Amino acid sequence: FQLYTADPVLLSELVCSGVFSAVSMFLNTLTPKFYVALTGTSSLISGLILIFEWWYFRKYGTSFIEQVSVSHLRPLLGGVDNSAPNSPSSSNGDADSSRQSVSECKVWRNPLNLFRGAEYNRYTWVTGREPLTYYDMNLSAQDHQTFFTCDSDHLRPADAIMQKAWRERNPQARITAAHEALDLEDCATAYILLAEEEATTIVEAEKLFKQALKIGESCYRRSQQLQHHGAQYEAQHRRDTNVLVYIKRRLAMCSRKLGRTREAVKMMRDLMKEFPLLSMFNIHENLLESLLELQNYADVQAVLAKYDDISLPKSATICYTAALLKARAVSDKFSPEAASRRGLSTAEMNAVEAIHRAVEFNPHVPKYLLEMKSLILPPEHILKRGDSEAIAYTFFHLQHWKRVEGALNLLHCTWEGTFRMIPYPLEKGHLFYPYPVCTETADRELLPMFHEVSVYPKKELPFFILFTAGLCSFTAMLALLTHQFPELMGVFAKAFLSTLFAPLNFIMEKVESILPSSLWHQLTRI
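Residues numbered from 1 in each chain as written. Predicted model: local features only at pLDDT ≥ 70, side-chain atom pairs only at ≥ 80, totals over all residues. Heavy atoms only, no water.

Caption draft 1: Representation of the pattern of salt bridges. All chains considered together, the criterion is met by 22 salt bridges. Among the salt bridges present, the one from K257 reaches E119, with a minimum N-O distance of 3.1 Å. With K257 in helix α12 (residues 231–257) and E119 in helix α6 (residues 116–127), this residue pair connects regions lying 138 residues apart in the sequence. With relative accessibility at 29%, the residue K257 sits in the partly exposed group. Of the charged contacts, one joins R239 and D159 as a salt bridge, the two residues approaching to 3.8 Å between their closest N and O atoms. (Salt bridge = Lys/Arg side-chain N within 4 Å of Asp/Glu carboxyl O. Helix = DSSP H or I, 4+ residues; strand = E, 2+ residues; numbered from the N terminus. Buried < 20%, exposed > 50% of the residue type's maximum accessible area, 1.4 Å probe, protein only.)

Below you can see the structure in the form of structure tokens.
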């Protein structure tokens, strides 16, 4: 008791020496089996964490540990999100941007979609693969119910049957219902269904659409005269208008597929002139593709001047067609070596800027145009700026790029420069708003399983996945070495621990030699 009250420094030294001796005795009594069990258990736990992290990253696109630390631990540690809006104006801005992002993740009807019976089914017969997903076909069924049905369908038996037919999931049941409707009376929508799904060639589909056109025109003229007699007649006229526009557009596409391109262009121009407000069908994209086939670049430029407007929604067809026209002026004489020596001319700079603009809008297209990635049949619906839109555009426009001498070479030399201008595309854009984060999820729903979906920006593995992979490998290696060479690994472990604690021992010795004993005595009392 007198020792404790007289000299606490000596007591603290005795306690420390006792602790160190106990620890050293414990470490000396450990057998190599303990080290094997310890490292093996550590390797197993880190391996399980790695498997879980990898599964979570593949499913949700983010690290679970990182998400938990940001969402739950950061607020507990006092972290504040600087991007939180502090004023009503900023909150309104965030709401507008979120609404814009949601609208841009909207799925659109593919204006150049193929025929199920004459094209998609032929692919299935040859390859045994289904080119369309259930989600895509379900969206088409919803479109058909919106365009081709109305509340007054129950007044006509054929329309009532077709209203049920558009809801059928089984293709054969839909075809049977269409035939039943035609047995009762002539029905334009029944002919549409048969042309889309039963006809095995484009010629057969065209014949059925021509029969549908006669009925559709008479129904349209009749409902046009009665549209102001009430809400019911107005809805019926709207339905008849949609049916007529759809038939004429598909007839124009049949002409295009059968090689009568000038006839198709005339039909599309007449349709756009007759129904200028029906922009939901995006008929101008069909017109652009047909004009490019005719190599009528002046008319292509005229269409672009009307639709490539800041107030109108963009598409890959608009952006890449504009880039193709700019590239056409310089691509035949373009040489990357000459351009690096003398610099880019004004026309070449305009072409490169147009390519950068197009690539920023949809960065998936160049790999398909340059044939770095294999093509599949385009889906019936596309997501703008997504892989599905890139497939749909390239499927029909690759031939037009190949026809322009040097255009693909110019694209190959310049398209990757776009990514240097937008290093963080999910946070900030250059000519367009930031790239939507929802495209990958929607494209996986639209595109078949056998297609590898193009992802932009490419996701890097999170730090915690790499860390747990390294930890798992390191501990597994230690367990194996300890099991094979227990004595050598024991010597190595002791040498490692002594080396690890050597700086601490050195600092303690220096502190004891520098500080006077009286100061050390006061610190221990405190």
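Caption draft 2: Expanded view of helix α21 (residues 407–414). For α21, the full list of buried residues reads A407, L408, L410, L411 and T414. Angularly, the buried residues of α21 cover 160° about the axis, an arc narrow enough to put them on a single face. Buried residues along α21 sit in contact with α16 (316–328), α18 (346–361), α19 (365–369), α20 (387–403) and α22 (418–421). (Arc of directions from axis to C-beta. Contact = heavy atoms within 4.5 Å.)

Caption draft 3: Expanded view of the environment of C150. In this structure, C150 sits in the loop between α7 (134–148) and α8 (157–165). When its relative accessible area of 8% is taken as the criterion, C150 is described as buried. Distance in space between the C-alpha atoms of C150 and Y233 is 9.9 Å, their sequence separation being 83 residues. Ignoring anything within four residues of it in the chain, the contact list for C150 reads Q163, A235, Q236 and R239.

Caption draft 4: Broad picture of the packing of helix α13 (residues 261–274) against helix α14 (residues 283–293). Packing of α13 against α14 leaves a shortest axis separation of 9 Å and a crossing angle of 150°. Judged by the inter-axis angle, α13 sits roughly antiparallel to α14. As for the relative orientation of α13 and α14, their crossing is left-handed in sense. Along the contact surface, α13 presents T261, V265, M268, R269, L271 and M272, while α14 presents I283, H284, N286, L287, S290, L291 and E293. (Axes fitted to C-alpha atoms, helices over the stretch in contact; angles between N-to-C directions. Parallel < 35°, antiparallel > 145°, perpendicular 65-115°, else oblique. Left-handed = near helix turned anticlockwise from the far one by under 90°.)

Caption draft 5: Looking closely at the packing of α8 against helix α9 (residues 171–184). Running from N to C, α8 and α9 cross one another at 175°; their axes reach a closest spacing of 8 Å. Relative to α9, α8 is oriented roughly antiparallel. Along the contact surface, α8 presents P157, A158, I161, M162 and A165, while α9 presents R174, A177, A178, E180, A181 and L184.

Caption draft 6: Focus on the nonpolar core. Grouped together as the largest cluster of nonpolar side chains are 93 residues, with contacts concentrated most on M162, I192, F209, I247, Y320, L369 and W401. Non-local contacts of W401, meaning those with residues more than four positions away in its chain, are made with Y320, A323, L324, L369, Y393, A407, L408 and L411. One finds L112, L114, Y120 and F396 within the second-largest nonpolar core, a separate group that totals 6 residues. (Core = buried A, V, L, I, M, F, W, Y, C linked by side-chain atoms within 4.5 Å.)

Caption draft 7: Just the environment of F281, in detail. Relative to the elements of secondary structure, F281 occurs in the loop between α13 and α14. With a relative accessible area of 7%, F281 lands in the buried category. As a C-alpha pair, F281 and R109 span 172 residues in sequence and 7.6 Å in three-dimensional space. Aside from chain neighbours lying at most four places away, what touches F281 is P111, F147, N242, V245, Y246, R249 and N286.

Caption draft 8: Molecular detail of the packing of aromatic side chains. Applying the stated rule across the entire model yields 11 aromatic pairs. Look at Y320 and Y393: their rings are 5.5 Å apart centre to centre, the planes differ by 40°, and that puts the pair in the tilted class. Of this pair, Y320 sits in helix α16 while Y393 sits in helix α20, and the two are 73 residues apart along the sequence. Three or more aromatic residues joined by ring pairs make a cluster, and in this case those are F147, F148, W166 and Y246. When the ring centre of F450 is taken as origin, the NZ or CZ atom of R129, which lies over that ring, is 4.5 Å away. For the cation-ring pair, R385 lies above Y433, with the distance from its terminal atom to the ring centre recorded as 4.8 Å. (Phe/Tyr/Trp six-rings, centres within 6.5 Å; stacked < 30°, edge-to-face > 60°. Lys NZ or Arg CZ within 6 Å of the ring centre and 35° of its normal.)

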